[in-house]
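Residue-level structural notes
Here are the chains, one letter per residue:
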Amino acid sequence: MQTVKMVISGAVNAGKTEFIKTISEIEVVSTERRATDDTRLIKKETTVAMDFGRIAIGDDLVLHLFGTPGQKRFDFMWEILSEGMLGLVILVDSTRPETFRETNRIIDFFMSYRETPYVVAANKQDRPNAWSPEELRLALRLPAHIKVLPCMATDRESVKNVLLELLDVIMQRSED
Amino acid sequence: MPLVGNIRDFGLSDFLYLVDRGYKTGCLHLSRADEMASLYFEKGKLLTATRKDDNVPVTDLLVRKGKLTPAQAEQAVHAHQNQNGASMSQVLIDLHLIGRDELQRVLQQHIEESVYALFGWSEGEFRFEQGQRPEPTAPIMPIPLPVEHLIMEGVRRIDEWGRIKDRIPSTDMVVKFIEQPIERAKGINLATDEWRVFARINGKDTLAEIARKTGMSEFDVCRIVYGFLTAGLVDVIRKPAPVPMLATGRPLAEAPRIKKSLVTRIINRIRGM
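Because the structure is predicted, anything quoted here is derived from the model rather than measured.

**Some thoughts on the overall build of chain A**
Looking only at helices and strands, chain A features five helices and seven strands. Element order for chain A, N to C, with α for helix and β for strand: β-α-β-β-β-α-β-α-β-α-β-α. Taken over 176 residues, chain A has a buried fraction of 60%. In chain A, once contacts between residues fewer than 6 apart in sequence are set aside, the share between residues at least 24 apart is 69%.

Below, the structure is given as structure tokens:
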């Protein structure tokens, strides 16, 4: 059985857990505990370990989805999760500009290891005051070749679209 | 939908970059405690800026600065009533009460000072209202102002590492020009030290190396490069490491070489979900 891995990352409360829950075929394995730091101000339960979801591609192939922990003190997990990943989705809460710097730090972290295929998903586009994908591109200073996609992590079609766009980027780098 | 936030999290220079690159038209409202300011943009360029404590028509401003007499101001106000949608600035020029260049110089100086003072705000709410335009009687510059040099001047007033480190986390990073820096640089006036750094940018040297070669402090070099970065002239990238290593000391595995047929299978599976 071959397994391939995609990583879903982003700042605290960007919607990583929801994103994986929406698409995973199995009950998502989330290691969640009561938050003990300032993330408590954002949500009562926040991800302190990781989320794990799974999509069976066939009898011989499985896609694993890993959600990274949001808080800085779990940075070491990012490094472990990034090993061997096929691609990366960076989720951004489009309604909270206070998380844009942290988002840049996360992108910088993953890109510092190697040129991983990635897309940015502008989550919570259904909310009032959401910054549009193009505004997010400018705010995050993302180059034109990086896809910034509208996203609603609770909507299956929206999540599928983000993954398909990422797979399109991966396809361009794959071999015959 | 308005864009809202706090300049503590998304700085004024970042917002000016967004307005510039996004060719935005609208008004950026800033507020903190009992202070308020409004910056109006057209297609990414600054038209005018007003502050709550100094929100006067252009005629009053010019009288105060000795560029118009009260009688001339009254004449302009009367003429403006018969105009349909024209700005008061245009009426003043059409009536030859002040030359276009002189009006530009006076208003630009006034507006620049208003904006520079805003860079000193460490926090404050912002709200950008798309499409909102200034009152026709506001001190609108005849030639809208490119924001790049406002950004550079604003960044010159930054005196703390915190904000700089958000964009330049390490002095081991390499500075390189973006594809067309010369075009963008036209609107920017550089100070001597800024030229010294600008001339050292070659896409190979790190910030620490530029500091050593120019004899400047790392802070000053980073502050100047932060300005170039915010104005969209340069990019900073990590120096490529020859062999990526994990914190554990193990070399990081190569990115998996994946076959197109496998990607196609995953695509088909997700499409069918």
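Here the narrative resumes.
**What to know about the interface of chain A and chain B**
Taken together, the 43 residues of chain A in the interface contact 50 residues of chain B. Between chain A and chain B lies a buried interface of about 4,400 Å² when both sides are counted; carbon and sulfur atoms form 60% of it. Of the charged contacts, one joins E25 of chain A and R269 of chain B as a salt bridge, the two residues approaching to 2.1 Å between their closest N and O atoms. One can count 15 residue pairs in polar contact (both at pLDDT 80 or more) joining chain A with chain B. With nine residues, the single largest contributor to the side of chain A that touches chain B is helix α5 (residues 156-173) of chain A. Across the side of chain A that touches chain B, the residue classes tally to 21 nonpolar, six polar and 16 charged.

**Quick look at the environment of I170 of chain A**
Locating I170 of chain A in the fold gives a position in helix α5. Judged by relative accessible area, I170 of chain A falls into the buried class, the value being 3%. Placed 95 residues apart in sequence, I170 of chain A and D75 of chain A show a C-alpha to C-alpha distance of 25 Å. Once you skip the residues sitting within four places of it in the chain, I170 of chain A turns out to touch M6, L86, G87 and P117 of chain A together with I258 and V263 of chain B.

**Topic: the sheet that holds strand β5 (residues 125-130) of chain B**
Backbone hydrogen bonds are what pair the strands of a sheet, in a parallel or an antiparallel way. All names here are of chain B. Strand order in the open sheet formed by five strands is β1-β5-β2-β3-β4, and the pairing between neighbours is antiparallel. Two strands close off the open sheet at either side, each with one partner strand: β1 (3-6) and β4 (45-51). On average, each strand axis in the sheet is tilted by 15 degrees relative to the strand beside it, whichever way the strands run.

**Side note on the confidence of the model for chain B**
Summing up the model confidence of chain B, the mean pLDDT is 87 and the portion of residues at 70 or higher is 90%. For this predicted complex, the interface score ipTM comes out at 0.87, while the overall pTM is 0.78.

**Points about helix α3 (residues 70-81) of chain B**
Here α3 of chain B is twelve residues long and its end C-alpha atoms lie 17 Å apart, about the 16 Å a rise of 1.5 Å per residue gives. Residues of α3 of chain B that are buried make contact with α2 (58-64) and α4 (88-94) of chain B.

**Some details on the environment of A231 of chain B**
Residues and elements named next belong to chain B. Checked against the element boundaries, A231 lands in the loop between α11 (218-230) and β7 (234-238). Looking at A231, the relative accessible area reads 1%, which means it is buried. Considered as a pair, A231 and K204 are 27 residues apart in the sequence and their alpha carbons are 21 Å apart.

**So, the pairing of strand β5 (residues 87-93) of chain A**
On a regular strand, one side chain projects to one face of the sheet and the next to the other, so that they alternate. All names here are of chain A. Across the seven residues of β5, seven count as buried, placing the element largely inside the fold. In this sheet, β5 lies alongside strand β1 (residues 2-10) in parallel orientation, the contact comprising five bridges. Looking at the pairing, I8 lines up with V89 of β5.

**Concerning the confidence of the model for chain A**
Considering every residue of chain A, the mean pLDDT works out to 86; 84% of them sit at 70 or more. Highest mean pLDDT in chain A belongs to strand β7 (residues 148-150) of chain A (98); lowest belongs to strand β2 (residues 29-34) of chain A (61).

**A look at the packing of helix α6 (residues 148-156) of chain B against α11 of chain B**
To characterise two packed helices, one gives the angle between the axes of the helices and the distance between these axes. All names here are of chain B. Closest axis-to-axis distance for the α6/α11 pair is 9 Å, and the angle between their directions is 155 degrees. When the interaxial angle is binned, α6 and α11 end up roughly antiparallel. Here the hand of the crossing between α6 and α11 comes out right-handed. In contact with I151, M152, V155 and R156 of α6, α11 contributes R223, Y226, G227, F228 and T230. Broken down by class, the residue content of the contact of α6 with α11 amounts to five nonpolar, two polar and two charged.

**A few points about the packing of aromatic side chains**
Enumeration according to the criterion identifies 14 aromatic pairs over all chains in this entry. Their ring planes at 85 degrees and their centres at 5.2 Å tell us that F100 of chain A and W131 of chain A sit as a pair that is edge-to-face. Of the two residues, F100 of chain A sits in helix α3 (residues 100-111) while W131 of chain A sits in the loop between β6 (118-123) and α4 (133-139), which places them 31 residues apart along the sequence. Of the residues examined, F100 of chain A reaches a relative accessible area of 2% and is grouped as buried. Measuring from ring centre to ring centre gives 5.4 Å for F109 of chain A and F110 of chain A, while their planes differ by 90 degrees; the resulting arrangement is edge-to-face. Of the two residues, F109 of chain A and F110 of chain A, both sit in the buried class. Among the aromatic residues, those joined into a ring-pair cluster are F100 and W131 of chain A together with F10, F15, F126 and F128 of chain B. Sitting over the face of the ring of F66 of chain A, K5 of chain A holds its NZ or CZ atom 5.6 Å from the ring centroid. Sitting above the plane of the Y17 of chain B ring, R141 of chain A keeps its charged end 3.5 Å from the centroid.

**As for the pattern of salt bridges**
All names here are of chain A. Tallied over the entire structure, the rule returns 25 salt bridges over all chains. Note that E165 is salt-bridged to K147, the shortest N-O span being 2.6 Å. Here K147 lies in the loop between α4 and β7 and E165 lies in helix α5, a separation of 18 residues in the sequence. On the basis of relative accessibility, which here comes to 23%, the residue E165 falls in the partly exposed class. Residues participating in the shared-partner salt-bridge network are D93, R96, E98 and K124.

Parameters at a glance
- Residues numbered from 1 in each chain as written.
- Chains lettered and ligands numbered in written order.
- Predicted model: local features only at pLDDT ≥ 70, side-chain atom pairs only at ≥ 80, totals over all residues.
- Heavy atoms only, no water.
- Helix = DSSP H or I, 4+ residues; strand = E, 2+ residues; numbered from the N terminus.
- Buried < 20%, exposed > 50% of the residue type's maximum accessible area, 1.4 Å probe, protein only.
- Contact = heavy atoms within 4.5 Å.
- Buried area = accessible area lost by both parts, 1.4 Å probe.
- Salt bridge = Lys/Arg side-chain N within 4 Å of Asp/Glu carboxyl O.
- Polar contact = N/O pair within 3.5 Å; in protein donor to acceptor, adjacent residues only side chain to side chain.
- Nonpolar A, V, L, I, M, F, W, Y, C, P; charged D, E, K, R; others polar.
- Pairing = 2+ DSSP bridges.
- Axes fitted to C-alpha atoms, helices over the stretch in contact; angles between N-to-C directions.
- pLDDT = per-residue confidence, 0-100.
- Expected span 1.5 Å × (residues − 1).
- Parallel < 35°, antiparallel > 145°, perpendicular 65-115°, else oblique.
- Left-handed = near helix turned anticlockwise from the far one by under 90°.
- Phe/Tyr/Trp six-rings, centres within 6.5 Å; stacked < 30°, edge-to-face > 60°.
- Lys NZ or Arg CZ within 6 Å of the ring centre and 35° of its normal.

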